[in-house]
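Geometric and topological summary
Chain by chain, the residues run as shown.
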Amino acid sequence: MFLFVLKMARLSLFACGLLVLNYVSVCSSGTPCNKTSACTAICGGKKIDVSSIYNSVTSITSDKYDYVFACTQICNNHENVAVCQKETGGDLREWSLGAASTSEWELINTAPLHFTIKYSGGDSESEHQRQSSVKFIENDNSSSPEGKFKKENDNTATYEFSFTASKKYYAASTGHSNAGSGNVSGYIGIVIIILAIMGFVTYFIVGMSTMYFVKGARGLEVIPNVSFWKDLPYLLKDGFLFTISPCYKRGDYEKI
């Protein structure tokens, strides 16, 4: 019986670990947003608008290229372009790095605000179509929006950028604390579940150990308050019947 208790404790600890890993994986992977236009989306229950950031950062220069961002047309020879790559000299060629209509938003965090917009459907490059991944991070220490070119992945033709801006540049983004309350409440819920499971396991381990080693109980008698656990199914049944009893019309008493 004591070995059985140890096995149950291991299973409970394993279950707690799975809950923690599941919560971490869900939080780290990000949450898809509901896109409402090329530059707006509903993320975490709040509307986010990046148009003011795009309008503030004229372009990002890296090596011999300028990268321009907009919610509407920005490449002269292309339509529906959100990210445009332009040569800084020579024949001034340009390439689309993603169509505005293909934007996919993903919320990483709400406080501080952190999300990513991915654009696809750009001009062809080798075996792939050019695409962009633009990361936005809220930073109240920034006096004005700042954009950076991060890197180019030659294997996937993906161009990565990042923008930092203070809260005021994310339209309708005030009240992030309310949006983040969902994350906080979810975290608290996971903690409560884990503590409940651990408390349940501790109760049985300590109780069974006491009954076995101190009181010399054997068999089912090592279970603490065994009579209560035996009666629990019947108590739950009685409670359920009592709860639903008002939903049923009782028959009339038999007349004497």
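Being a predicted model, the structure only gives us computed values, none of them experimental.

1. Considering the overall build of the chain
Scanning the chain from N- to C-terminus turns up four helices and 15 strands. Across the 256 residues in the chain, those meeting the buried criterion constitute 33%. If you take every contact in the chain between residues at least 6 apart in sequence, the share linking residues at least 24 apart comes to 49%.

2. Side note on the nonpolar core
The biggest cluster of nonpolar side chains holds 32 residues, and the ones touching the most others in it are Phe 115 and Phe 136. Elements supplying a minimum of two residues to this core: strand E3 (40–43), helix H2 (51–56), strand E6 (65–69), strand E9 (104–110), strand E10 (113–119), strand E13 (131–138) and strand E15 (158–165). Excluding its chain neighbours within four sequence positions, the residues that come into contact with Phe 115 are Ile 48, Val 50, Trp 105, Glu 106, Leu 107, Ile 108, Val 134, Lys 135, Phe 136 and Tyr 170. Formed by six residues, the second largest nonpolar core is a distinct cluster that contains Val 68, Ile 74, Val 81 and Cys 84.

3. Topic: the pattern of salt bridges
Within the structure shown, the criterion is met by two salt bridges. Residues Arg 93 and Glu 87 are paired through a salt bridge, measuring 3.0 Å at the closest nitrogen-oxygen approach. Given the relative accessible area of 43%, Arg 93 is considered partly exposed. The salt bridge partner of Glu 125 is Arg 130, with a shortest N-O separation of 3.1 Å.

4. A few points about the sheet that holds strand E2 (residues 34–35)
In space, the three strands of this open sheet follow the order E2-E3-E4, with antiparallel pairing throughout. Two strands lie at the open edges of the sheet, namely E2 and strand E4 (46–49), each paired on one side alone. Pairing analysis gives two bridges linking E2 to E3, with the strands arranged antiparallel. Opposite Lys 35, over in E3, you have Ala 41 as the bridge partner.

5. A look at the pairing of E9
Relative to E9, strand E1 (residues 31–32) is paired through two bridges, and the arrangement is antiparallel. The residue of E9 that forms the bridge with Thr 31 is Leu 107. Sheet topology places E9 next to E10; six bridges connect them, and they run antiparallel. When the sheet's bridge partners are listed, Asn 109 is paired in E10 with His 114. Once E9 ends, the chain turns through two residues before running back antiparallel as E10.

Each value, and the rule that gives it
- Residues numbered from 1 in each chain as written.
- Predicted model: local features only at pLDDT ≥ 70, side-chain atom pairs only at ≥ 80, totals over all residues.
- Heavy atoms only, no water.
- Helix = DSSP H or I, 4+ residues; strand = E, 2+ residues; numbered from the N terminus.
- Buried < 20%, exposed > 50% of the residue type's maximum accessible area, 1.4 Å probe, protein only.
- Contact = heavy atoms within 4.5 Å.
- Core = buried A, V, L, I, M, F, W, Y, C linked by side-chain atoms within 4.5 Å.
- Salt bridge = Lys/Arg side-chain N within 4 Å of Asp/Glu carboxyl O.
- Pairing = 2+ DSSP bridges.

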